[in-house]
Amino acid sequence: MPKVTFVTLDGSRRTIDATAGDSVMATAVRNGVPGIIGECGGNVSCATCHVYVDEAFASRVGPPGDMEDDMLDLAVSDRRATSRLACQIRMTDALDGLTVECPQDQP
């Protein structure tokens, strides 16, 4: 079972067992991670699951798709090179140990 670590708004780290195939957003919402809202339910239409992917995992996660890229431009928090929408990152065994940071300005 792959694990994902969330760096929450207060800087603490929370590591959660994720189900392979589930999105990082679904994992966060199901486990009450503060800073990941997922208002649109993973439909790439709100950017309330914006996260910063740890540099060590950026190439494994890959770049955002076109729709996600557009949504990231509308995110409340500053966009970074490793910005992604958590709803678009599917957990796999290859992503075991993934770390994502929740932006401070998430609505």
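Keep in mind it's a predicted model, so treat the numbers as computed, not measured.

J.: Quick question: what am I supposed to make of the pairing of strand β2 (residues 13-17) here?
T.: Here is the key point about a regular strand: its side chains alternate between the two faces of the sheet. Direction of pairing for strand β1 (residues 3-7) relative to β2: antiparallel, over a ladder of 5 bridges. Counted as the bridge partner of V4 is I16 from β2.

J.: How do you make sense of the sheet that holds β2 when you look at a structure like this?
T.: Whenever strands of a sheet pair, they do so through backbone hydrogen bonds, lying parallel or antiparallel. Read across the sheet, 5 strands follow the order β2-β1-β5-β3-β4 without closing on themselves; strand pairing throughout is mixed. Lying at the two open borders of the sheet, with one neighbouring strand each, are β2 and β4 (83-85). Taken pair by pair, the neighbouring strands of this sheet meet at an average axis angle of 35°, ignoring direction. Along the sheet face, helix α3 (residues 66-73) touches β3 (50-53) and β4 and points at about 110° away from the line of β4.

J.: Could you clarify how one ought to interpret the nonpolar core in this entry?
T.: Where a protein is soluble and globular, its nonpolar side chains tend to be buried together. Formed by 28 residues in total, the largest nonpolar core has its most connected members in F6, V24, I36, L85, I89 and L98. Of all the secondary structure elements, the ones that give two or more residues to this core are β1, α1 (24-30), β3, α2 (55-61), α3 and β5 (98-101). Ranked by residues supplied to this core, first place goes to α1 with 3 residues.

J.: So what exactly am I meant to see when it comes to the pattern of salt bridges here?
T.: Opposite charge on two side chains makes pairing possible when the charged atoms of those side chains draw close. All chains considered together, the criterion is met by 6 salt bridges. Between K3 and D17 there is a salt bridge; the shortest N-O distance is 2.4 Å. Pair noted here: K3 is in strand β1 and D17 is in strand β2, with a separation of 14 residues, a long-range link. With its nearest N and O atoms 2.8 Å apart, the salt bridge here joins R30 to D22. Each of the salt bridges in this network shares a partner with another, and the network as a whole consists of D69, D73 and R79.

Reading guide: rules and limits
- Residues numbered from 1 in each chain as written.
- Predicted model: local features only at pLDDT ≥ 70, side-chain atom pairs only at ≥ 80, totals over all residues.
- Heavy atoms only, no water.
- Pairing = 2+ DSSP bridges.
- Helix = DSSP H or I, 4+ residues; strand = E, 2+ residues; numbered from the N terminus.
- Axes fitted to C-alpha atoms, helices over the stretch in contact; angles between N-to-C directions.
- Contact = heavy atoms within 4.5 Å.
- Core = buried A, V, L, I, M, F, W, Y, C linked by side-chain atoms within 4.5 Å.
- Buried < 20%, exposed > 50% of the residue type's maximum accessible area, 1.4 Å probe, protein only.
- Salt bridge = Lys/Arg side-chain N within 4 Å of Asp/Glu carboxyl O.

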